[in-house]
Amino acid sequence: MKPRGIRPIFGGLDIALEAASLLAVIVSIVLPIAFASELPDRIPIHFDETGHADRWGKSGELYYFTGIVLVIYIMLTLLNRTPHLFNYPLKITEENAQEQYTIAVRLLRWIKLITTVGFCAIVYRLIHNAMDGSDYLPPFWMFIFIGLLFVAIIIYFATVQKTKE
């Protein structure tokens, strides 16, 4: 059984990650509200693998993205409160629990930041495209988003591996 009641260390980097994630959520909510009156009735909502719009929707559908980012933010924030329930690539003991919990919750904070900023960028780009009349979203955005998630996970495992030694 993993030790309970041991708290991860919460430092300056953690504060910055949390603040940046929250800011991205707020911007994702404020942008559609701020530009609601300027958006056309139909806007590009979904893009194919080449970056061209393959689905158009009402401008109100932008709020789906803000809802998704808000739910992701809340879920990851709540999940971060229970590091003793996570699965770890090594045995958690009283001696290593705080360090491993800190590394794990920091990974989730990075994932939260990457996800919220990614959705914020999508909301911004959808608004920009709608106002420009463009139906193109460069496909490299998705590769950057997925790549950053993989980088965070690789760094997590490398950090855990260093603590084993």
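Residues numbered from 1 in each chain as written. Predicted model: local features only at pLDDT ≥ 70, side-chain atom pairs only at ≥ 80, totals over all residues. Heavy atoms only, no water.

(A) Structural view of the overall build of the protein. A count of helices and strands for the protein gives four helices and two strands. Taken from the N to the C terminus, the helices and strands of the protein come in the order α-β-β-α-α-α. Dimensions of the protein, computed from C-alpha atoms along their principal axes, come out at roughly 60 × 30 × 25 Å. Residues counted as buried form 41% of the 165 residues belonging to the protein. By sequence separation, contacts in the protein at least 24 residues apart represent 74% of the contacts at least 6 residues apart. (Helix = DSSP H or I, 4+ residues; strand = E, 2+ residues; numbered from the N terminus. Buried < 20%, exposed > 50% of the residue type's maximum accessible area, 1.4 Å probe, protein only. Contact = heavy atoms within 4.5 Å.)

(B) Structural detail: the environment of Lys162. Within the element layout of this structure, Lys162 appears in helix α4 (residues 140-164). According to the relative accessible area criterion, Lys162 is exposed, its value standing at 61%. Between the C-alpha atom of Lys162 and that of Pro32, which follows or precedes it by 130 residues, the distance is 44 Å.

(C) Quick look at the pairing of strand β2 (residues 53-58). Pairing analysis gives five bridges linking strand β1 (residues 42-47) to β2, with the strands arranged antiparallel. Following the sheet pairing, Ile43 is matched in β2 by Gly57. In sequence, β1 turns back onto β2 through a hairpin of five residues, with Gly51 there showing a positive phi of about 95°. (Pairing = 2+ DSSP bridges.)

(D) The arrangement of the packing of aromatic side chains in detail. In this structure the tally under the stated criterion is four aromatic pairs. Taken together, a centroid distance of 6.3 Å and an interplanar angle of 25° make the contact between Phe140 and Trp141 stacked. Its relative accessible area of 46% is what places Phe140 among the partly exposed residues. Joined through ring pairs, the aromatic side chains of Phe86, Tyr88 and Tyr101 make up one cluster. Here the guanidinium or amino end of Lys112 rests over the ring plane of Tyr73, the centre of that ring lying 4.7 Å away. (Phe/Tyr/Trp six-rings, centres within 6.5 Å; stacked < 30°, edge-to-face > 60°. Lys NZ or Arg CZ within 6 Å of the ring centre and 35° of its normal.)

(E) Expanded view of the confidence of the model for the protein. Here the protein shows a mean pLDDT of 93. Residues at 70 or above account for 99%. Summarising per-element confidence for the protein, the mean pLDDT is lowest in β1 (91) and highest in helix α1 (residues 12-35) (97). (pLDDT = per-residue confidence, 0-100.)

(F) Representation of α1. The terminal C-alpha atoms of α1 lie 34 Å apart, and with 24 residues this matches the ideal 34 Å at 1.5 Å per residue to within 8%. Restricting attention to buried positions, one finds in α1 the residues Asp14, Leu17, Glu18, Ser21, Ala24, Val25, Ser28, Leu31 and Pro32. (Expected span 1.5 Å × (residues − 1).)

(G) Summary view of the side chain of Glu18. Note on placement: Glu18 falls in helix α1. For Glu18, a relative accessible area of 16% puts it in the buried group. The contacts of Glu18, once residues within four sequence positions are left out, are Phe10, Tyr73, Asn80, Arg109 and Lys112.

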